[in-house]
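Report on the structure
Chain residues, written in single-letter form:
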Amino acid sequence: MCVVRPILFSFLAFTSSAHAQSLPGGFVYLRDIDPSIIQDIRYATSNNFVGRPLAGYLAGECVVKQEVGLRLKAVQQELAAQNLSLKMFDCYRPARASLDMVKWSQNGRETAAERRYNPQIPKTELFRLGYIASHSQHSTGAALDLTLVDLKADNSAKIDPSRSYADCTAPVAARLPEGSVDMGTGYDCTDAMGHTAAPSITREQRAWRKRLVAAMARQGFVNYSKEWWHFSLPGAGGAAYDFPILPRRN
């Protein structure tokens, strides 16, 4: 999720097949620039606040502007020396996916699974409060959602469908497992605890957030204050696109 100013849209023609897509000029698959960066593209799965894949996410691949990808590679190289890795939750987002979020917010239902992400705020209020945008900078290829992974830790925990997990503000052991460091909330947590400078998190959680923000800032990325996971690269955006994310050619 994220909020941005209204932006221009470019509904560019694309070529697709069952196995690959031709990306618009300037866009790349992050895996082609740095395959060591971990990817968990949540909107291509049912493990997100909507509870299903969003429109346009036909593959769990991070697609970005080339400059963004090269700067992420530089961040990753710095982190690797510390036995850390980036983990991408969302990168380029088709404009149709943002419209899918709008429809979801207006469907008149609010399930227990959805409330895990929005424990205090009704989903009809998420746009007004700046947690979701109908026109997202993600659609320009210059915005990212990500976290840090401690490569020395045990990151093998998987979601147990039979278990009832606590909401995104609960202690890490009670939340949905994300295979990453404990940032104080889960990803896409629409709560004041998800604000980057939230005072209610622990010293260690605050230190991880600062470490992520600092590493990204050294490559020019700017954090969005209401979401510790959201970063953008000023000047790398432009028009928003609506081409779908298809499987990368091997």
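Preceding block: the structure.
The present account deals with the structure reproduced in this document.

**Some thoughts on the pairing of strand β8 (residues 227–232)**
In terms of residue burial, β8 counts as a mostly covered element, since 6 of its 6 residues are buried. Pairing geometry for strand β6 (residues 143–150) and β8, over 3 bridges, is antiparallel. Across the sheet, Asp-145 pairs through a bridge with His-230, a residue of β8. Pairing analysis gives 3 bridges linking strand β7 (residues 222–224) to β8, with the strands arranged antiparallel. For Tyr-224, the partnering residue across the bridge sits in β8 and is Glu-227. Following β7, the chain reverses through 2 residues before pairing antiparallel with β8.

**Considering the state of the cysteines**
The final tally for this structure, using the stated rule, is 2 disulfides. Across a sulfur-sulfur distance of 2.0 Å, Cys-168 and Cys-189 are joined as a disulfide pair. Measuring the twist about the S-S bond at about 65°, one finds the Cys-168-Cys-189 disulfide to be right-handed. Taken together, the residues Cys-168 in the loop between β6 and α5 (203–217) and Cys-189 in the loop between β6 and α5 connect sequence positions 21 residues apart. For the pair formed by Cys-168 and Cys-189, the shared burial category is buried. When the bonded cysteines of the protein chain are counted from the start of the sequence, the pairing works out to 1-2, 3-4.

**What to know about the side chain of Lys-87**
Topologically, Lys-87 is positioned in strand β5 (residues 84–90). Lacking a salt bridge, the buried Lys-87 has Asp-40 as its closest oppositely charged neighbour, with an N-O distance of 4.1 Å. In terms of polar contacts, Lys-87 uses its side chain to reach the backbone carbonyl oxygen of Glu-178, at 2.5 Å. Residues in contact with Lys-87, not counting those within four places in the same chain, are Ile-38, Asp-40, Asp-145, Leu-146, Thr-147, Val-149, Glu-178 and Gly-179.

**Here's the deal with the packing of aromatic side chains**
According to the stated counting rule, one finds 12 aromatic pairs in the structure shown. Aromatic side chains Tyr-43 and Tyr-187 sit 6.4 Å apart centroid to centroid with 40° between the ring planes, which places their arrangement in the tilted category. Of this pair, Tyr-43 sits in the loop between β3 (38–39) and β4 (63–65) while Tyr-187 sits in the loop between β6 and α5, placing them 144 residues apart in sequence. For Tyr-43, a relative accessible area of 0% puts it in the buried group. Taking 5.3 Å as the distance between ring centres and 85° as the angle between the ring planes, the aromatic pair formed by Trp-228 and Trp-229 counts as edge-to-face. Of the residues examined, Trp-228 reaches a relative accessible area of 2% and is grouped as buried.

**Re the pattern of salt bridges**
One pass over the structure, following the stated rule, counts 13 salt bridges. Here Asp-145 and Arg-93 are joined by a salt bridge, their closest N and O atoms 3.9 Å apart. Here the residue Asp-145 occupies a position in strand β6, and Arg-93 occupies one in the loop between β5 and α3 (95–105), the gap between them amounting to 52 residues. Pair check on accessibility: Asp-145 and Arg-93 agree, each one buried. With a closest N to O distance of 3.2 Å, Asp-182 and Arg-175 form a salt bridge. The exposure class assigned to Arg-175 is buried, which follows from its relative accessible area of 7%.

**Here we look at helix α2 (residues 66–80)**
Look at α2: 21 Å from first C-alpha to last across 15 residues, which is about the 21 Å you get at 1.5 Å a residue. Taken residue by residue, α2 has Val-68, Gly-69, Leu-72, Val-75, Gln-76 and Leu-79 as its buried positions. Looking straight down α2, one finds its buried side chains confined to an arc of 115°; they lie on one side. Tucked into the core, α2 has its buried residues touching α1 (30–33), β4, β5, β6 and α5.

**Structural notes on α3**
The buried fraction of α3 amounts to 8 of the 11 residues, a majority that puts the element mostly inside the structure. Considered for burial, the residues of α3 that qualify are Ala-95, Ala-97, Ser-98, Asp-100, Met-101, Val-102, Trp-104 and Ser-105.

Cut-offs and rules
- Residues numbered from 1 in each chain as written.
- Predicted model: local features only at pLDDT ≥ 70, side-chain atom pairs only at ≥ 80, totals over all residues.
- Heavy atoms only, no water.
- Buried < 20%, exposed > 50% of the residue type's maximum accessible area, 1.4 Å probe, protein only.
- Helix = DSSP H or I, 4+ residues; strand = E, 2+ residues; numbered from the N terminus.
- Pairing = 2+ DSSP bridges.
- Disulfide = S-S within 2.5 Å.
- Lys, Arg positive; Asp, Glu negative; His and termini not counted.
- Salt bridge = Lys/Arg side-chain N within 4 Å of Asp/Glu carboxyl O.
- Polar contact = N/O pair within 3.5 Å; in protein donor to acceptor, adjacent residues only side chain to side chain.
- Contact = heavy atoms within 4.5 Å.
- Phe/Tyr/Trp six-rings, centres within 6.5 Å; stacked < 30°, edge-to-face > 60°.
- Expected span 1.5 Å × (residues − 1).
- Arc of directions from axis to C-beta.

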